[in-house]
Amino acid sequence: MEVEESRQKELHAAYLCVKVTVAEDLASCEELKRALQYAGHNPTPSFLAKVWHEGETDSITYETYCSLAEQMPEVIIDDMEALFMKVFGNADGKVGEDDFKNMLISGNQDCDLSDADIDYILQEASIVTDGVVDCSKLCKVIHHTINEMKQLSMQKLEERSNFQRINSKTFTRKKREKYSNVEGSISSQTSLNLDGWNEASLKGCFYLDKQSVLAHQYCMEISCMGPTVVKVRPKSYMKQEAGRGPVDTLAYIFRESPEGMRNYIGFTDQKDSDGSHFWRDTLKEGRYVVIPYTSGCRLRERTQDPKGYIDLVENEGKVQLTPEFRLVLEEVFDQVDLDSNGRLNRQEFNLYNWKTSGEEVQDDEWTVVQSNFDVEEDELTLNGFLALHQLEAEDNGGDSEDLWVSLEAMGYNRLGRQDQAAPFIISVHSQVCQPVLQVSGLKSGGLLLDKAVVRSIMENAEPIKIKNMIDLIKYEYIGEHRASIVIQNKAHSKVTVRVDCTRSTNVVTNRPSMDWMVEVAGKSAIIAHQLLPQRLGEDWSVVCDAAAVKNELAEEEE
């Protein structure tokens with residue numbers, strides 16, 4: 001019974017390497033072939049021709065795919081070795097390279113490999129010595145490849161939530177098709193109509209913090225299953241740095257299990273006509289985590305301080321905040337008022353205090369704030385917020401350095417412009433229930449977000465082997481609004497890769513240089529470049545050359 005369940009899980013995982021959900025049918029013979037290969041099979045052209053009749057077969061369901069997979073024999077090393085020995089009549093399984101090639105090609109109409117393909121396979125598999133092919137080694141390579149395909153599909157399955165299967169003819173699937181506008185696949189933008197939907201909305205912000213990016217993170221609760229949309233868009237302020245293009249703003253969604261495990265289920269890969277990015281799917285009842293993300297192409301450390309500064313305090317007999325500083329504080333207040341109710345509750349004020357001073361607000365401190373400054377419904381008002389900073393200026397005798405520390409922590413430079421932070425608005429819409437959205441913290445996305453971003457890129461790009469490196473793969477995703485390069489190292493040892501995008505035009509990267517070296521640890525994948533158009537509205541192109549610089553990939557023992 002356990003074997004059957006394991007096999008069914010493998011088939012499920014392989015199918016999800018090709019389609020988003022098992023509710024979507026395989027729409028081409030190539031998709032069927034890829035799904036069977038991910039399941040560890042080798043469907044021949046003659047087999048595919050029997051089950052997929054060109055001009056007659058429009059699609060194949062998940063159930064039919066499982067049935068076809070069960071008809072295919074399991075690949076066993078002993079059977080392969082016995083077959084080679086029977087064909088060549090050699091007990092040791094070794095045969096000349098020319099005889100081996102002739103056996104594969106001559107009179108074999110099902111073979112879709114060219115001479116160049118066969119030469120490449122033999123070379124990369126290292127099974128030819130002095131013109132002799134070791135069929136025993138070849139069988140091991142084939143079996144190893146089959147297991148790798150299964151492992152890859154299982155890894156992808158682990159990072160998806162187990163959505164309830166729905167019939168491919170239902171309303172839900174049609175809605176997914178209508179809004180399925182992955183960047184690069186369809187050039188036109190979508191115009192969402194969410195009239196009558198239930199909404200929960202909060203503000204947030206990205207902050208540069210040395211070498212990392214901090215951002216508000218959110219808990220999302222859905223009380224019943226139904227269509228759900230997550231939207232995120234940048235929010236502009238007058239005091240933001242002039243001349244900077246809009247900071248790319250996405251959000252990644254994870255389902256949280258009762259045990260606290262978080263499984264990646266999608267990100268805001270579609271663009272609405274209002275400039276926001278959104279993700280739409282049918283969500284089950286439960287708890288979710290939403291983590292905002294920006295590539296770092298337009299939000300990056302300043303290379304030099306601006307010339308000049310604004311005065312924060314004037315001291316002509318009495319310490320007063322300057323009008324310029326008060327305007328900046330009003331902008332800051334609006335940013336930290338995450339629920340947009342015109343006041344700061346304790347959590348909002350605590351997050352602000354932690355960001356500017358590194359300290360949490362204790363119970364007695366919050367009581368002092370409520371007792372001495374203007375509050376409404378136990379929340380700090382704008383007047384109270386301004387008065388608090390007025391008191392700080394007075395306590396410092398007009399010295400503004402501590403005030404500057406707070407402003408710089410919020411991403412402002414000495415001109416009073418925000419160039420090290422990027423505010424945004426995030427919203428959740430449900431067609432069937434009132435969603436709940438709460439701020440869970442202000443922190444880095446960490447390894448969880450890094451893995452999800454890498455996975456989302458790899459799922460939307462075709463793998464390209466890097467020259468002369470059998471275990472080094474480049475994933476190059478180029479969409480309508482952004483591009484991403486991921487390097488995957490499938491071997492155990494680390495390798496240094498040069499990823500050169502200098503031949504690209506009108507792009508900006510998140511790296512210090514278009515020609516960049518990345519060190520990829522064994523059995524891992526890393527983002528080499530994130531790229532955005534430099535001048536919006538103009539043509540842009542991405543050309544990426546990747547090569548191993550220092551090969552530290554160790555040969556695997558047999």
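Structure first, text after, so check above.
We now turn to the structure provided with this report. Each chain has its residues counted from 1, following the order in which its sequence is written. This being a predicted model, a pLDDT of at least 70 is required before a residue's local features are given, and a value of 80 or more before pairs of side-chain atoms are given or counted; all residues contribute to the totals for chains, interfaces and linings. The basis for every side-chain value is the complete set of non-hydrogen atoms in the structure, without hydrogens or water.

**Examining the pairing of strand β20 (residues 472-478)**
To sort residues, take the accessible area from a 1.4 Å probe on protein chains only and compare it with the maximum for the residue type: under 20% means buried, over 50% means exposed, and anything in between is partly exposed. Helix numbering and strand numbering both begin at the N terminus, where a helix is a DSSP run of H or I of at least 4 residues and a strand a DSSP run of E of at least 2. Across the 7 residues that make up β20, a large majority, 5, are buried. Looking at chain direction, β20 and strand β21 (residues 483-489) are connected through 7 bridges and run antiparallel. By the bridge assignment, Lys 474 is partnered in β21 with Ile 487. DSSP bridges decide pairing: two strands pair if at least two such bridges lie between them. The loop that links β20 with its antiparallel partner β21 comprises 4 residues.

**A look at helix α14 (residues 401-409)**
What α14 keeps buried is the set Leu 403, Trp 404, Ser 406, Leu 407 and Ala 409. Residues of α14 that are buried in the fold lie against β4 (198-209), β12 (313-315), α10 (323-336), α11 (346-357) and α13 (382-395). In the stretch just after α14, Gly 411 is the one whose phi turns positive, near 95°. A contact between two residues is defined here by any heavy atoms of the two lying within 4.5 Å.

**Regarding a negative patch on the surface**
For patch building, the residue pool is restricted to those with more than 30% relative accessible area and no salt bridge; the joining distance is 9 Å between like charges and 5 Å between nonpolar side chains (Val, Leu, Ile, Met, Phe, Trp, Tyr). Every accessible area reported is derived by Shrake-Rupley at a probe size of 1.4 Å, with residue values counting cover from the shown protein chains alone. Salt bridge, as applied in this entry: a Lys or Arg side-chain nitrogen positioned within 4 Å of an Asp or Glu carboxyl oxygen. In summary, the charge assignment counts Lys and Arg as positive and Asp and Glu as negative, without counting His or the chain termini. Charged side chains are reduced to one point each, which is NZ for Lys, CZ for Arg, CG for Asp and CD for Glu. A grouping of Asp 311, Glu 314, Glu 316 and Glu 324 is seen on the molecular surface, where their side chains present a negatively charged patch. Within the secondary structure layout, Glu 324 lies in helix α10. On the basis of relative accessibility, which here comes to 39%, the residue Glu 324 falls in the partly exposed class.

**Regarding the pairing of strand β5 (residues 212-222)**
Most of β5 sits inside the fold, with 8 of its 11 residues counted as buried. Across 4 bridges, the pairing between β4 and β5 is antiparallel. Looking across to β5, one finds that Leu 208 is bridged to Val 213. From the end of β4 to the start of β5, which pair antiparallel, there are 2 residues, and Lys 210 there has a positive phi angle of about 60°. Both β5 and strand β11 (residues 286-293) contribute to a ladder of 5 bridges, which runs antiparallel. By the bridge assignment, Glu 221 is partnered in β11 with Arg 287.

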